[in-house]
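# Architecture at a glance
Residues per chain are reported as follows:
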Amino acid sequence: MSKIRIMADSTCDLSQELIEKYGISVLPLNIVMDDTSYLDGVETTPDKIYEWADANRTTPKTSAPGIEAAVEFLRPAVEAGDEVCYLGISEQMSATCQVLRLAAEELEYTEHVCVVDSMNLSTGIGLQVLTAAETAPCGCSLAELEEFLKEYRERVRASFVVDTLTYLQRGGRCSAVTALMGNALKLKPRIAVADGKMGVSKKYRGNRKKTVLDYVKDMEEDLLRAETKRVFITHSGIEQEIVEEVKAYLAGLGHFDAIYVTRAGGVISSHCGPGTLGVLFVEGK
């Protein structure tokens, strides 16, 4: 008997424990350093990326998977006769969703594959992936699951506070002057995802610990109106003490059933740099 397989790409930033628990298949994006392409989360790590980026004073290039990789990714589901629900990084940021559609066409399996643009990144995707994995076994059709997810994605709230502007500047997302002034003044932007795109929603000032805690506390009203099932703390490499303080604060709200801590993968880390932390959740109905 066929089933609906839940698939995502490596930018969903879910831990290996969650990936295995929910039976999620993950397609790596590509990270290019010194003209060599590495599979995100398979052949390189964020810490190696930071080392390379600092030595070369630039950021790696990142790219969608090739069509051949996407075809081989889908092939086991096709051979098993299973349906596929794939949730990918925002189409405003990557061509990965389109590559999956082309792979389904090449395999002549488009009627059994739905590709959902998450309109998000990192565990903003992960929240949708876990919900899809919980919903799929409940007897819904692939079309019904797709419709549900397109409504659900509108309630996902993803934001991060960035510690250094250096990586954003290296990647062309802010000017060298802005980065220099921002770092000198200890300005930390809050990057929020809206309509599938990233934008600065607020700026904080101070050391890393202060700005992270200010950012989280600013969201208290929204957090208390969020779905209670889960909340994510996702970071790109930050002191454990800060993570524990954020976790304790969220636990102190007495609102969430589960608080997950995950480390951002290579693609996300390449663009934001170390010291970035976000709290991601789903707005309640």
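Residues numbered from 1 in each chain as written. Predicted model: local features only at pLDDT ≥ 70, side-chain atom pairs only at ≥ 80, totals over all residues. Heavy atoms only, no water.

This next bit is on unusual backbone geometry. Even without a glycine there, the phi angle at Arg 57 is positive, about 50°. A relative accessible area of 70% places Arg 57 in the exposed class. Even without being a glycine, Met 119 presents a positive backbone phi close to 55°. Along the chain, the position of Met 119 falls in the loop between strand S7 (113-117) and helix H5 (123-135). In this structure Met 119 comes out as partly exposed when scored by relative accessible area, which is 23%. (Buried < 20%, exposed > 50% of the residue type's maximum accessible area, 1.4 Å probe, protein only. Helix = DSSP H or I, 4+ residues; strand = E, 2+ residues; numbered from the N terminus.)

All told, the structure shown has two aromatic pairs when counted by the stated rule. For the ring pair Phe 148 and Tyr 152, a centre distance of 5.6 Å and an interplane angle of 35° mean the geometry is tilted. With Phe 148 and Tyr 152 both in helix H6 (residues 142-152), this residue pair falls four residues apart, about one helical turn. We classify Phe 148 as partly exposed; its relative accessible area is 30%. (Phe/Tyr/Trp six-rings, centres within 6.5 Å; stacked < 30°, edge-to-face > 60°.)

The next point concerns the environment of Cys 114. Within the secondary structure, Cys 114 sits in strand S7. What makes Cys 114 buried here is its relative accessible area of 4%. Through-space distance from the C-alpha of Cys 114 to that of Ala 143 is 7.8 Å; in sequence the pair is 29 residues apart. Every residue in contact with Cys 114, bar those within four places of it in the chain, is listed here: Val 84, Cys 85, Tyr 86, Leu 142 and Glu 146. (Contact = heavy atoms within 4.5 Å.)

On to the pattern of salt bridges, then. Pairs can form between side chains of opposite charge once their charged atoms are near each other. Counted according to the given criterion, the structure contains 18 salt bridges. Here Arg 75 ties to Glu 72 by a salt bridge, and the two come within 3.0 Å at their closest N and O atoms. One end of the pair is Arg 75 and the other is Glu 72, both in helix H3 (residues 67-80) and three residues apart, which spans about a single turn. Note that Arg 230 is salt-bridged to Glu 134, the shortest N-O span being 2.4 Å. Highlighted residues: Arg 230 in the loop between helix H10 (220-224) and strand S12 (231-235) and Glu 134 in helix H5, separated in sequence by 96 residues. Residue Glu 134 is classed as partly exposed on the basis of its relative accessible area, which comes to 26%. (Salt bridge = Lys/Arg side-chain N within 4 Å of Asp/Glu carboxyl O.)

To continue, consider the pairing of S7. Summarising burial for S7: five of the five residues are buried, a large majority. Along S7, one buried face is formed by Val 113, Val 115 and Asp 117 and the opposite face, lined by Cys 114 and Val 116, is buried too. One ladder, built from five bridges, connects strand S6 (residues 83-88) with S7; its direction is parallel. In the strand pairing of S7, Tyr 86 is matched with Val 115. Each parallel crossover has a hand, and the one from S6 via helix H4 (residues 96-106) to S7 is right-handed. (Pairing = 2+ DSSP bridges. Right-handed = clockwise from strand over helix to strand, strands pointing away.)

Turning to the sheet that holds strand S5 (residues 61-63), a few remarks are in order. Overall, antiparallel pairing links the three strands, which are arranged S4-S3-S5 in an open sheet. Because the sheet does not close on itself, it has two edges, and the strands there are strand S4 (36-39) and S5. On average, adjacent strands in this sheet sit at an angle of 30° to one another, irrespective of strand direction. Bridge analysis of strand S3 (residues 30-33) against S5 gives three bridges, and the strand direction is antiparallel. Looking across to S5, one finds that Ile 31 is bridged to Thr 62. (Axes fitted to C-alpha atoms, helices over the stretch in contact; angles between N-to-C directions.)

In an α-helix, one turn spans 3.6 residues; hence positions three or four apart end up facing the same way. Taken together, the buried positions of helix H9 (residues 208-218) are occupied by Thr 211, Val 212, Leu 213, Tyr 215 and Val 216. Two or three places before Lys 209, at the start of H9, stands the capping residue Asn 207, its side-chain oxygen 3.3 Å from that residue's backbone nitrogen. (Polar contact = N/O pair within 3.5 Å; in protein donor to acceptor, adjacent residues only side chain to side chain.)

The biggest cluster of nonpolar side chains holds 35 residues, and the ones touching the most others in it are Ile 6, Leu 14, Cys 85, Leu 87 and Val 129. Listing elements by their share of this core, those giving two or more residues are strand S1 (4-9), helix H1 (16-21), S6, S7, H5, H6, helix H12 (266-272) and strand S14 (277-282). Looking at which element gives the most residues to this core, the answer is H5, with six residues. Those residues within four positions of Val 129 in sequence are excluded, and the remaining contacts are Ile 6, Ala 8, Leu 14, Ile 24 and Leu 87. Grouped together as the second largest cluster of nonpolar side chains are 23 residues, Val 161, Tyr 215, Met 219 and Val 231 included. (Core = buried A, V, L, I, M, F, W, Y, C linked by side-chain atoms within 4.5 Å.)

In the predicted model, the protein carries a mean pLDDT of 91, and the fraction of residues at 70 or more is 92%. Segment residues 173-185 is flagged for pLDDT under 50; beyond a separation of four residues in sequence, or across chains, it makes 18 contacts in the model. (pLDDT = per-residue confidence, 0-100.)

Attention now goes to the sheet that holds S1. Remark on secondary structure: sheet strands pair via backbone hydrogen bonds, oriented parallel or antiparallel. Spatial strand order, S2-S1-S6-S7: four strands in an open sheet with parallel pairing. For this open sheet the edge positions go to strand S2 (25-27) and S7, each flanked by a neighbour on one side alone. Strand-to-strand twist in this sheet, taken as the mean axis angle between neighbours without regard to direction, amounts to 25°. H3 contacts S1, S2 and S6 of the sheet and is inclined by roughly 170° relative to S1. Sitting on the sheet, H5 touches S1 and S6, and the angle it makes with S6 is about 160°.

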